[in-house]
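What follows is each chain in one-letter form.
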Amino acid sequence: MPGMPIPLPGMLSGMGPPLVPMMHPQVAIAASPAALVGAMPFSEWSEYKTMDGKTYYYNNRTLESTWEKPYELKEKEMLLKEMEKPKEASKDHFEDAEPMEMEEEEPKMEPPKEIKEELKEEEMTEEEKAAQKAKPVATSPIPGTPWCVVWTGDDRVFFYNPTTRLSMWDRPEELIGRADVDKTIQEPPHKKHTEDGKKMGKEELETSTTEDAIDDEPIKAKKRKKDDVKDVDSEKEAAMEAEIRAARERAIVPLEARMKQFKDMLLERGVSAFSTWEKELHKIVFDPRYLLLNPKERKLVFDQYVKTRAEEERKEKKNKTMQAKEDFRKMMEEAKLNTRTTFSEFASKHAKDLRFKLIEKMKDREAMYTEFMTALRKKEKEDSKNRGEKVKHDFYELLSDHHIDGQSRWSKVKDKIESDHRYKAVEGSSTREELFKQYIDKQAKNFDSDKEKELERQARIEASLREREREVQKARSEQTKEIDREREQHKREEAMQHFKALLSDMVRSSDVSWSDTRRTLRKDHRWESASLLEREEKEKLFNDHIEALTKKKKEHFRQLLDETSSITLTTTWKEVKKIIKEDPRCIKFSSSDRKKQREFEEYIRDKYITAKADFRTLLKETKFITYRSRKLIHESDQHLKDVEKILQNDKRYLVLDCVPEERRKLIMAYIEDLDRRGPPPPPTASEPTRRSTK
């Protein structure tokens, strides 16, 4: 686009961001293209002021803004000062003030640039001059496309797409054959300005030969300059007014509404989501909605737009491509092509069809055509095969309807069926006869197959019966074994019962041995009833019987001791022996006095352990004893006496009268344990096993 920085082929140009939050200078300049064209031959840089009066400089070609005065303007001012000195000395040579003003104006713009170019050319080497000439000097957009035509200093032309950042020397496909592109290339805009300048210079030379022209031309030039200055001033004023109006609107319209309008503008102007803000700026900078946001908000909305729009553009491009392919397929289907049609014939016939043009590359069109023709040939082949199968099937049905078997002959069958349409559908008599033979062979094979299947079925039935018989025999055998096992088990249990009865009758003392008892038991007729039992089993039953007798005698002995009220925890065996020696339970327990003494001592130990456990339970049940009891006992022995007085009412306390010291130790141990545990928890608290069970 005009005014855009144009990179060399394969390179990208940089663009600096705006330095102040105000209206872009391009808005002010764009109001009058004539003003822009008039200013460009003199200087690329222009001076502007911000809202607070601060000066900054703007380059009309590169769109660069800077606070510092460019070197070109500084050099220009120095040259102007040097040229003003000889002019002041030669003031008297002019007749009036107006020609003087014109002469002063001319060196302000033209000479500095020429001198600068001469100085630069002298300093440059041959390679630098060639590189300088290869730089872009002008550009022109091509209507209806994203492409621009770019001219370099050595009169070469290349094409640039700012959206995709693509540069190429060859003409793009969509520009081939366009007359307006040829015309644009033949009329470079930078040469027009040069020719216009030359013509103007020539006319000034011709008119300078006459005195009237000398008097009139400076006046006209001054008038033109004043008009141009007025135009520029009016454009600046219009830009300022637009900025002020936009500021007012920003104050009234909510930010969300302004952001929405700005997004709509980006969408309407075709801003690409795959480009940069600097590259897309020329598309939107002239739109009134551009001023609805400040620079920071614009960049923010642009970034949001790029994120969301990128995926949408990809989807749109994909959908567009898919739709174009679908339309191309429909066009091929509507064309009613046959397998002999070539792609060149198809292309020449449908080249003007819009659906044909939607597929941009010819190789893609040919690939889709080839794919379509492959599918068409495959379909025709399948249809032909299906038709042949149907004709064959119908012919077989015809033969089946006439009940043709293996004994039939074709010559006789043919006369019967030749009038049927299914007969006529088969082409060629040899084909019909061949199908007849195939049908006969098939019938014979089917017959053999049916016979074979029947034989296989009979074999399967017989095998199944044999398998069933084996299973029944196996089940019977298992059942018989189970019955035998149960019978054997029953006999063994009966033998054990007989032997136990024999032991109960014959063995009444636990002091006998198995060897002695066995001789006695053999003499009894019931010994033979236990013949099924092994020797070890009989001995085991005997031992179990002796253990039962011993346990019973022990229980009776302890029962005797329990009934003897004079027995305490400190009573000795000598004392007890005198009391119980005449009791039958003592006599039956054992004839050995040592055994009786051991059993008595074991009885006293068990009784002592039980008494201590019962006493601890009594202490826990006594609410009078608390965690404060230990402290109270230290203060006075009376508390301990009170505790003992309360406990005396329970027989669990009295049982330990024979061991008062041990009893007191148990009481003190319990009180110390309560003191160690401290006060009891509140009712809501949970405390597992607060007190010891020992």
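Each remark here, short or long, concerns the structure printed above.
About the criteria used
- Residues numbered from 1 in each chain as written.
- Predicted model: local features only at pLDDT ≥ 70, side-chain atom pairs only at ≥ 80, totals over all residues.
- Heavy atoms only, no water.
- Patch = residues over 30% accessible without salt bridge, like charges linked within 9 Å, V, L, I, M, F, W, Y side chains within 5 Å.
- Areas by Shrake-Rupley, 256 points an atom, 1.4 Å probe, with all protein chains shown as cover.
- Salt bridge = Lys/Arg side-chain N within 4 Å of Asp/Glu carboxyl O.
- Lys, Arg positive; Asp, Glu negative; His and termini not counted.
- Charge placed at Lys NZ, Arg CZ, Asp CG, Glu CD.
- Helix = DSSP H or I, 4+ residues; strand = E, 2+ residues; numbered from the N terminus.
- Buried < 20%, exposed > 50% of the residue type's maximum accessible area, 1.4 Å probe, protein only.
- Arc of directions from axis to C-beta.
- Contact = heavy atoms within 4.5 Å.
- Expected span 1.5 Å × (residues − 1).
- Axes fitted to C-alpha atoms, helices over the stretch in contact; angles between N-to-C directions.
- Parallel < 35°, antiparallel > 145°, perpendicular 65-115°, else oblique.
- Nonpolar A, V, L, I, M, F, W, Y, C, P; charged D, E, K, R; others polar.
- Pairing = 2+ DSSP bridges.
- Left-handed = near helix turned anticlockwise from the far one by under 90°.
- 1 Å grid on protein atoms, 1.4 Å probe; cavity = no way out; pocket = protein on both sides within 12 Å on 5 of 7 lines; lining within 4 Å.
- Points joined across faces, edges and corners; volume = space filled by probe spheres on them.
- Phe/Tyr/Trp six-rings, centres within 6.5 Å; stacked < 30°, edge-to-face > 60°.
- Lys NZ or Arg CZ within 6 Å of the ring centre and 35° of its normal.

Draft legend 1. Representation of a negative patch on the surface within the structure. Residues Glu-173, Glu-174, Glu-360 and Asp-364 make up a contiguous surface patch of negative charge. Relative to the helices and strands, Glu-360 is located in the loop between helix H13 (354–358) and helix H14 (362–401).

Draft legend 2. Representation of helix H15 (residues 410–417). Buried within H15 we find Trp-410, Val-413 and Ile-417. Buried residues along H15 cover an arc of 65 degrees about the axis, so they all sit on one side. Turned more than 90 degrees away from the buried face of H15, the exposed residues are Lys-412 and Asp-415. Where H15 is buried, its residues contact H14, helix H16 (421–424) and helix H17 (429–506).

Draft legend 3. Main features of H14. Across its 40 residues, H14 extends 58 Å between first and last C-alpha, which sits within 8% of the 58 Å expected from 1.5 Å per residue. By the burial criterion, the buried members of H14 are Arg-365, Met-368, Tyr-369, Phe-372, Met-373, Leu-376, Phe-395, Tyr-396, Leu-398 and Leu-399. Residues of H14 that are buried sit in contact with helix H11 (295–334), helix H12 (343–350), H13, H15, H16 and H17.

Draft legend 4. Examining the packing of H14 against H15 more closely. Where H14 contacts H15, the axes come no closer than 11 Å and their chain directions differ by 100 degrees. The orientation of H14 relative to H15 falls into the category roughly perpendicular. Two secondary-structure elements touch here, H14 through Phe-395, Leu-398 and Leu-399 and H15 through Trp-410, Val-413 and Ile-417. The residue inventory of the contact of H14 with H15, partitioned by class, reads six nonpolar, no polar and no charged.

Draft legend 5. A look at unusual backbone geometry. With a phi angle near 50 degrees, Lys-336 is a residue other than glycine that sits in the positive phi range. Checked against the element boundaries, Lys-336 lands in the loop between H11 and H12. Looking at Lys-336, the relative accessible area reads 75%, which means it is exposed.

Draft legend 6. Highlighting the sheet that holds strand S5 (residues 148–152). Taken in spatial order, the four strands of this open sheet run S4-S5-S6-S7, and their pairing is antiparallel. Bordering the open sheet on either side are strand S4 (136–141) and strand S7 (166–168), each of which pairs with just one other strand. The mean inter-strand angle of the sheet, taken between neighbouring strand axes irrespective of direction, is 25 degrees. Bridge analysis of S4 against S5 gives five bridges, and the strand direction is antiparallel. Counted as the bridge partner of Ala-138 is Trp-151 from S5.

Draft legend 7. Spotlight on the sheet that holds strand S2 (residues 55–59). Pairing within the open sheet is antiparallel, and its three strands lie in the order S1-S2-S3. Of all strands in the sheet, those with a lone pairing partner are strand S1 (45–49) and strand S3 (65–66), marking the two edges. As judged from the two bridges shared by S2 and S3, these two strands associate in the antiparallel manner. Directly across from Tyr-58, in S3, lies its bridge partner Ser-65.

Draft legend 8. A look at the packing of H14 against H17. One can describe the packing of H14 onto H17 by two numbers: an axis separation of 10 Å at closest approach and a directional angle of 65 degrees. Between H14 and H17 lies a crossing whose hand is right-handed. In contact with Lys-392, Phe-395, Tyr-396, Leu-399 and Ser-400 of H14, H17 contributes Arg-432, Leu-435, Phe-436, Gln-438 and Tyr-439. Taken together, the residues of the contact of H14 with H17 sort by class into six nonpolar, two polar and two charged.

Draft legend 9. Spotlight on the side chain of Arg-309. As for its position among the elements, Arg-309 is in helix H11. Classification of Arg-309 as buried rests on a relative accessible area of 11%. Excluding anything up to four places from it in sequence, Arg-309 contacts Leu-267, Ala-273 and Glu-316.

Draft legend 10. Layout of the environment of Asp-170. Looking at the element boundaries, Asp-170 is found in the loop between S7 and helix H6 (179–186). A residue is classified by how much of its surface remains accessible, and Asp-170, at 57% relative accessible area, is exposed. With 12 residues separating them in the primary sequence, Asp-170 and Phe-158 have C-alpha atoms 7.1 Å apart.

Draft legend 11. Highlighting the pattern of salt bridges. Within this structure, the stated rule accounts for 42 salt bridges. Where Asp-484 meets Arg-487, a salt bridge forms, and the shortest distance between an N and an O atom there is 3.0 Å. Taken together, the residues Asp-484 and Arg-487, both in helix H17 and three residues apart, mark about one turn of the helix. Residue classification places Asp-484 among the partly exposed positions, given a relative accessible area of 39%. For Arg-487, a relative accessible area of 43% corresponds to the partly exposed category. A salt bridge links Asp-516 to Arg-519, with the nearest nitrogen and oxygen atoms 3.2 Å apart. Note that Asp-516 and Arg-519 are positioned in helix H18 (residues 514–522) at a spacing of three residues, about one turn of the helix.

Draft legend 12. Structural detail: the environment of Leu-640. Along the polypeptide, Leu-640 turns up in helix H24 (residues 638–647). Judged by its relative accessible area of 9%, Leu-640 is buried. In this structure, the C-alpha to C-alpha distance between Leu-640 and Ser-629, residues 11 residues apart in sequence, is 8.2 Å. When neighbours within four sequence positions are excluded, Leu-640 is seen to be in contact with Ile-633, Arg-664, Ile-667 and Met-668.

Draft legend 13. Local environment of the pairing of S5. A large share of S5 lies buried, amounting to five of its five residues. Side chains of S5 alternate between two faces, with Cys-148, Val-150 and Thr-152 and Val-149 and Trp-151 buried alike. The loop that links S4 with its antiparallel partner S5 comprises six residues; one of these, Gly-144, has a positive phi angle of about 80 degrees. Bridge count between S5 and strand S6 (residues 157–161): four bridges; the pairing is antiparallel. Along S6, the bridge assignment pairs Val-150 with Phe-158. Once S5 ends, the chain turns through four residues before running back antiparallel as S6, passing Asp-155 with a positive phi of about 65 degrees.

Draft legend 14. Just the layout of surface pockets, in detail. If you add up the space inside the second largest pocket, you get close to 1,400 Å³. As for the second largest pocket, its lining consists of 32 residues, and the residues nearest its centre are Lys-317, Lys-320, Thr-321, Leu-358 and Glu-360. Where the lining of the second largest pocket is concerned, the elements lending two or more residues are S7, H11, H13 and H14. Of the residues forming the lining of the second largest pocket, the biggest block, nine residues, is contributed by H11. Here the lining of the second largest pocket is built from residues that sort into 11 nonpolar, seven polar and 14 charged.

Draft legend 15. The arrangement of the packing of aromatic side chains in detail. For the structure shown, the criterion picks out 12 aromatic pairs. For the pair Phe-328 and Phe-356, a centre-to-centre distance of 6.0 Å together with 35 degrees between the ring planes defines the contact as tilted. Taken as a pair, Phe-328 in helix H11 and Phe-356 in helix H13 lie far apart in primary sequence, 28 residues in all. Of the residues examined, Phe-328 reaches a relative accessible area of 0% and is grouped as buried. One cation-aromatic arrangement involves Lys-538 over Trp-527; the distance from NZ or CZ to the ring centre is 4.1 Å. If you follow Arg-663 out to its NZ or CZ, it ends over the ring of Tyr-653, 3.7 Å from the centre.

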